[in-house]
Amino acid sequence: MKKISAIMLILSLFMLAGCEKEELNPDKEGYISADALFETARGELEELVAGDPYENVDFSAAVLSLSDEIGDIYELEVAARDDVYSQSEAVEIFERYVRSTFSDSEYADNKDHYRFLVPYGETPESYFNDEGVLVHPGIYESDHLDKIRSGEIKIDSLLFQTDTDEVHSEDEYFWWFPDGSGVKMNRGNCMRRVEKERRIAGWMPRDDYSVTDVYSLPNGKNFSLEDGKITIDEAAAFCEGYFANDAAFTKDTDANLKVLKASVLKIDDETDAFLFFLTPSYNSIPFDSLNTEGMVSEFSDGNKYSFNSSEALMTRSGGVEYCYLNGLNNKVTAIRDKMTDVISLKKAAQILSEKMTGYAVFEVNDISFVYCNKQAEEKDAPSEASPSWRFSLYNPNDSMRYMVYVNAADGHCFYYRYKG
């Protein structure tokens, strides 16, 4: 890679200022058949690595995170779901999931540990007495099941929790919003390995276990879980199938969860675990997800975009130990004809280079193909998601990372900055 002087470091602050909307004509060169996206992108990345075509972008260590199962590509509309479970259906699913997930627990069939929560800020007037005192606390136990099933008592979430009054060593936890807005489950095994006094509700894997490495998918590398060796790809496939079938927390959807990355946690000297980073996907194309470090700038084009970020922990090959899911309450619909041509990775790389400063060499870490979900200006209006190339970059001049997008339909380029 050609070396570029790092003088005028201050100019790196403006490195992507030119990333403005510039639509391309599909009749120009740079478009490929959408059906050949996977095969073409692999070869084009090899050319970018070997050819070293740009003075301001270094592709030598770039990893392509692209599924070979990509299906038809569309522009999408994303709206709030209207086909949610009834309360009767939700209670049945909740009880079945608790019994199956916590089958080895003495508490699984004990409904004393079931809780049903009233929507926050929507406590009905009937829950107060004539003096305005709240008679029903908004958290119901199993003796109200009949009224909950019938809808007489309105709830928004269901909770199974064993650490109801104090911290103890048998904690298990499952909190579910049937509208798809949130799920948190913890079987408690990993938390109990570390002797600390805390409650299970707020526990996350990174509280106790450090990340030894992070891998993009696909990846066939083997690791030793509690019950033996398994590849990242094999474990990820199980995890995706688990949420699509065994733990279907929403009604039928075209946007199943897909694993984007795998963090490897060291449980002990001989045992690893996978902490998977997931997001909804459409035809195996994932929706954009926020990196774990968070943003330090707004989007360069002035628009606002939505993210979906979830995680799941696997310590054994045949089960999920912990999960925290959100953003499952969206209905995804194709709104235009199937895209027959999209901007190639090679063309997207050219757009990227042209829009960036010549006073730095940006190191490309990861390249992926995602749906960017642009928020509507009107509140509660449906948003539109467009297929885009996503480049994760590092600039050694300012020690900042950049997430840069090139719309695969029209070449529109935008970015945000983040630490890492």
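Refer to the structure presented above.
Residues numbered from 1 in each chain as written. Predicted model: local features only at pLDDT ≥ 70, side-chain atom pairs only at ≥ 80, totals over all residues. Heavy atoms only, no water.

J.: How should I be thinking about the overall build of the chain in this particular structure?
T.: The number of helices and strands found in the chain is 6 helices and 24 strands. Among the 420 residues that make up the chain, the fraction classed as buried is 50%. Counted over contacts in the chain with a minimum sequence separation of 6, partners at least 24 positions apart contribute 68%. When the accessible area of the chain is evaluated, it comes to approximately 20,200 Å², of which 45% is carbon and sulfur surface. (Helix = DSSP H or I, 4+ residues; strand = E, 2+ residues; numbered from the N terminus. Buried < 20%, exposed > 50% of the residue type's maximum accessible area, 1.4 Å probe, protein only. Contact = heavy atoms within 4.5 Å. Areas by Shrake-Rupley, 256 points an atom, 1.4 Å probe, with all protein chains shown as cover.)

J.: In this structure, what is going on with the environment of H412? I would like to understand it.
T.: Turning to its location among the elements, H412 is positioned in the loop between β23 (400-407) and β24 (413-418). A polar contact of 3.0 Å, which involves the side chain of H412, links it to the side chain of D301. (Polar contact = N/O pair within 3.5 Å; in protein donor to acceptor, adjacent residues only side chain to side chain.)

J.: Could you clarify how one ought to interpret helix α5 (residues 232-246) in this entry?
T.: Given 3.6 residues to a turn, an α-helix orients residues that are three or four positions apart in the same direction. For α5, spanning 15 residues, the distance from its first C-alpha to its last is 20 Å, which sits close to the expected 21 Å at 1.5 Å a residue. Within α5 the residues assigned to the buried category are I232, A235, A236, C239, Y242 and F243. Within α5, the buried residues cover an arc of 120 degrees as seen down the axis, which keeps them to one side. Turned more than 90 degrees from where α5 packs its buried face, N245 and D246 sit exposed. (Expected span 1.5 Å × (residues − 1). Arc of directions from axis to C-beta.)

J.: Please explain the environment of S105 as it appears in this structure.
T.: Its place among the elements puts S105 in the loop between α2 (87-101) and β5 (114-117). Placed 66 residues apart in sequence, S105 and D171 show a C-alpha to C-alpha distance of 9.9 Å.

J.: Help me understand α2, please; the structure alone is not making it clear to me.
T.: Here α2 spans 21 Å end to end across 15 residues, near enough to the 21 Å set by a 1.5 Å rise per residue. Along α2, the positions that sit buried rather than exposed are Q87, A90, V91, I93, F94, E95, Y97, V98 and T101. Contacts from the buried residues of α2 go to β5, α3 (145-150), β7 (157-161), β8 (173-177), β9 (182-186) and α5.

J.: Is there a simple way to think about the layout of surface pockets in this case?
T.: With a probe scaled to a water molecule rolled over the atoms, the places where space remains empty come into view. Empty space within the largest pocket amounts to approximately 1,000 Å³. Mapped by element, the contributors of at least two residues to the lining of the largest pocket are β3 (63-65), β10 (211-216), α5, β13 (257-266), β14 (272-282), β21 (362-374), β22 (383-395) and β23. When its residues are assigned to classes, the lining of the largest pocket shows 21 nonpolar, 12 polar and 12 charged. By volume, the second largest pocket amounts to about 400 Å³. N303, Y305, K374, E384 and S386 are the residues nearest the centre of the second largest pocket, which is lined by 21 residues in total. Mapped by element, the contributors of at least two residues to the lining of the second largest pocket are β21 and β22. Per-class residue counts for the lining of the second largest pocket are 5 nonpolar, 8 polar and 8 charged. (1 Å grid on protein atoms, 1.4 Å probe; cavity = no way out; pocket = protein on both sides within 12 Å on 5 of 7 lines; lining within 4 Å. Points joined across faces, edges and corners; volume = space filled by probe spheres on them. Nonpolar A, V, L, I, M, F, W, Y, C, P; charged D, E, K, R; others polar.)

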